[in-house]
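The chain contents come next:
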Number of protein chains: 2
Amino acid sequence: MRVASVELNGTSALVEAALDGTLRVLTLDGVSPVTSLTHFLQSGGAVDSLETLREIPPSERVRWLPPLVPGKICAVAINNRSFDGARISGPDHPAFFLKSPTSLVGHGEAVILRESYGLTHPEPELAVIIGKQARRVSEEDAMSFVFGYSILNDITSVRMRNEDHFNFRFEMPDGAGGFTNVEQHTSYAGRYKGADTFGPLGPAIVTRDEISDPDDLGVRCWLDDELVQSDRTSSYRYKAAQVVSFISQFDTLLPGDVVSMGTAVSGAGGASRPLSSLDLRAGVGSVTIEIEGVGTLRNPVTIEV
Amino acid sequence: MRVASVELNGTSALVEAALDGTLRVLTLDGVSPVTSLTHFLQSGGAVDSLETLREIPPSERVRWLPPLVPGKICAVAINNRSFDGARISGPDHPAFFLKSPTSLVGHGEAVILRESYGLTHPEPELAVIIGKQARRVSEEDAMSFVFGYSILNDITSVRMRNEDHFNFRFEMPDGAGGFTNVEQHTSYAGRYKGADTFGPLGPAIVTRDEISDPDDLGVRCWLDDELVQSDRTSSYRYKAAQVVSFISQFDTLLPGDVVSMGTAVSGAGGASRPLSSLDLRAGVGSVTIEIEGVGTLRNPVTIEV
């Protein structure tokens, strides 16, 4: 099943969102819509217990919400084989940061940027939606904790990443009972990954049973009508099961949490432009991401003073 | 008022936690306890609408929970004047990362570490609890969006910070229509700040009216009975109102969100040990943080295989 959350009569409603565009309001009790997918997952709900309450006629306009409100969004950094040449050093495991839940917007909602954000680019990513609490799960078992898949546009401001960068001397043990200064560089992602509207998510979540291999899906991204990225999830250095298992060794994953797999870059036969050439402030009207079998997420871009 | 969340008869209950140790179960309807401070704040609840349902006798043992489940925890990095000498370069504004809500544990709950985490130290921090949605609020208005104050132990693994560090060549515009490679270093905080039990929070939240100046409170930290840090919140480079206002320019703050102000270090008359000397794995039985007027947060430390 493909489920989404829409605003209907001023409240949120879980709907079945078929790929042909049909929307059906879902209910558990036969009377009222399910209002929160997050609560539904937290209470152990199973999609086959959902029934159709009514079909939404095409004439009834709906507003798309993020499919759920995650407790946390764990996003894997620099997880693409295309980056291997640019990588001087880095970990041999998935490294991840947290993206702010308040950055999320639904399909069709505006990405609102400011000139002061500087160079700001999209990152088309496969989002893995957790369905059951996962703590220290093995790679073999990891996918059984997954509810489904969605699309996250992990919008990133390069200027804010540079602005929030420190060069700092940490006082560290010298191994002989004393201390020595170790110079380190780091940057903090609260703004450059977490600003409001930096996280288009959706339109929907496709349940796990409908995707035979999440590690081999086509990913494409357009700015207006121009195809700017064409990649496959097979380019990910770490696969979905590895990532879910690894994160769960440290940070318990809860129902409704999102694990975002890292950006697509460019595929063999596709477009090939550096992320830093995809400045959303440069007169871009909309950004569109398609992931094979998952859907198409499109958001207009506006510049706020 | 000083409010906390405790586990009572298998469910969570909001209590008034007086500094003398008295606990009183709070109710809105005169019949049942308030079960979630987060929902209470989200629904616009005011503490003066709360009434005492009953006093908990000292013989009735309670388990302390984190006072609330935040939608996000924004934690300010390197926000202490004591670090000025170690700072080679950095931003002229508060930089922040997100700490995982699943890292939180209540007062008295174990901090569970592994040898593989390497050097892991405490960071005693003033936690500012947001009471009302704050978006682009001024410094002058910022404190009116604050519900109260608590204590966060922002536990940090130095080894995992190093392990999750990248040296990477980003392809950037060269200003002449082409691209150039810019070498950057950064580290991702999902594990080193977000692992399970890395976030003791509590015991309670003191409402804003009870703290006359959050920017001048004593902060002390003990490992077992040894005082290892003694500082004041006046050492913070950026004050509470500045931090709340700054974050709200980019990431909307919601009721129940936590803004953690950065670690205390050491004060003029107090203990003075580098953070990296405070390895919680080195036979430490408990870590205790006291913030003047806010309370005392103590957590046992255990090593898990």
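Residues numbered from 1 in each chain as written. Chains lettered and ligands numbered in written order. Predicted model: local features only at pLDDT ≥ 70, side-chain atom pairs only at ≥ 80, totals over all residues.

Another aspect to go through is the overall build of chain A. When you go through chain A residue by residue, the secondary structure sums to four helices and 23 strands. Compactness check: chain A gives a C-alpha radius of gyration of 20 Å against a globular reference of 19 Å for 305 residues, within 12% of the reference. Over its C-alpha atoms, taken along the principal directions, chain A stretches across nearly 70 × 45 × 40 Å. Put simply, chain A has 305 residues, and 54% of those count as buried. For chain A, restricting intrachain contacts to residue pairs at least 6 apart in sequence, the fraction spanning at least 24 positions comes to 74%. (Helix = DSSP H or I, 4+ residues; strand = E, 2+ residues; numbered from the N terminus. Rg over C-alpha atoms; globule rule 2.2 N^0.38 Å. Buried ≥ 20, exposed ≤ 12 C-beta atoms within 10 Å, placed from the backbone. Contact = placed C-beta atoms within 7 Å.)

Residues and elements named next belong to chain A. Buried residues dominate helix H4 (residues 240–248), accounting for eight of its nine residues. For H4, the complete set of buried residues consists of Ala240, Ala241, Val243, Val244, Ser245, Phe246, Ile247 and Ser248. Structurally, H4 contributes buried residues whose contacts are with strand S6 (73–76), strand S8 (96–99), strand S12 (124–130), helix H2 (139–142), strand S13 (146–153) and strand S21 (258–263).

In space, the three strands of this open sheet follow the order S16(A)-S15(A)-S7(B), with antiparallel pairing throughout. Single-partner strands in this sheet number two, and they are strand S16 (179–187) of chain A together with strand S7 (87–89) of chain B. For this sheet the average axis-to-axis angle between neighbouring strands, irrespective of direction, equals 25°. Pairing of strand S15 (residues 165–173) of chain A with S16 of chain A involves nine bridges; the strand directions are antiparallel. From the neighbouring strand, phenylalanine 170 of chain A faces S16 of chain A, where its bridge partner is valine 182 of chain A. (Pairing = 2+ DSSP bridges. Axes fitted to C-alpha atoms, helices over the stretch in contact; angles between N-to-C directions.)

Residues and elements named next belong to chain B. If you trace the five strands from one edge of the open sheet to the other, you get S10-S23-S22-S19-S20, paired in mixed fashion. The open sheet has two edge strands, strand S10 (111–114) and strand S20 (226–232), and neither has a second partner. The sheet shows a mean angle of 20° between the axes of neighbouring strands, direction not considered. Strand direction decides the pairing type here: strand S22 (residues 286–291) and strand S23 (residues 295–304), joined by six bridges, are antiparallel. What sits directly across from threonine 288, in S23, is arginine 298.

What follows deals with the domain arrangement of chain A. Residues and elements named next belong to chain A. Partitioning chain A into structural domains gives domain 1 (2–65) and domain 2 (73–160 + 187–304). The straight-line distance from the C-alpha centre of domain 1 to that of domain 2 is 24 Å. Contributing elements (two or more residues each) for the side of domain 1 that touches domain 2: strand S1 (2–8), helix H1 (37–42) and strand S5 (63–65). (Domains from an automatic or database assignment.)

With that settled, the discussion passes to the interface of chain A and chain B. Taken together, the contact between chain A and chain B spans 46 residues of the former and 46 residues of the latter. Of all the elements, S15 of chain A adds the most residues to the side of chain A that touches chain B, at eight residues. Direction of pairing for strand S7 (residues 87–89) of chain A relative to strand S15 (residues 165–173) of chain B: antiparallel, over a ladder of two bridges. From the neighbouring strand, arginine 87 of chain A faces S15 of chain B, where its bridge partner is phenylalanine 168 of chain B.

Okay, the environment of aspartate 215 of chain A next. Residues and elements named next belong to chain A. Its place among the elements puts aspartate 215 in the loop between strand S18 (205–207) and strand S19 (218–223). Taking the C-alpha atoms as reference points, aspartate 215 and leucine 14, separated by 201 residues in sequence, lie 27 Å from one another. The contacts of aspartate 215, once residues within four sequence positions are left out, are Thr233, Ser234, Tyr236, Lys239 and Ala240.

Superposing chain A onto chain B takes a rotation of 180° combined with a translation of 0.0 Å along the rotation axis, leaving an RMSD of 0.0 Å. Such values leave the two copies arranged in the relation of a two-fold axis. Taking C-alpha positions as reference, the residue of chain A nearest the rotation axis is threonine 186 of chain A, located at 2.1 Å. A share of 100% of the interface residues of chain A reappears at the interface of chain B, consistent with the copies meeting face to face through the same patch. (Least-squares fit on C-alpha atoms with pLDDT ≥ 70 in both.)

This brings us to the pairing of strand S23 (residues 295–304) of chain A. One face of the sheet, then the other: side chains in a regular strand alternate in exactly this way. In terms of strand pairing, strand S10 (residues 111–114) of chain A meets S23 of chain A through four bridges, oriented parallel. What sits directly across from leucine 113 of chain A, in S23 of chain A, is isoleucine 303 of chain A.

Turning next to the pairing of S21 of chain A. Residue and element names in this part refer to chain A. For S21, the buried fraction is high: six of the six residues fall into the buried class. In this structure, S6 lies alongside S21, joined through three bridges in parallel fashion. Pairing of isoleucine 73 across the sheet is with valine 258, part of S21. In terms of strand pairing, S12 meets S21 through four bridges, oriented antiparallel. What sits directly across from valine 128, in S21, is valine 259.

So, about the environment of threonine 52 of chain A. Residue and element names in this part refer to chain A. You can see threonine 52 is positioned in strand S4 (residues 51–56). Separated by 108 residues in the primary sequence, threonine 52 and methionine 160 place their C-alpha atoms 45 Å from one another. Among residues more than four places away in sequence, those in contact with threonine 52 are Glu16, Arg24 and Leu26.

All names here are of chain B. By secondary structure assignment, the location of isoleucine 130 is in strand S12 (residues 124–130). Separated by 42 residues in the primary sequence, isoleucine 130 and methionine 172 place their C-alpha atoms 38 Å from one another. Look past the residues within four positions of isoleucine 130 in its chain and what remains in contact with it is Phe145, Val146, Phe147, Leu253, Leu254, Pro255, Gly256, Asp257 and Val259.

Between glycine 202 of chain A and the following residue, proline 203 of chain A, the backbone shows a cis peptide bond with an omega angle of 0°. Phi angles above zero are rare outside glycine, and arginine 136 of chain B is one such case at about 55°.

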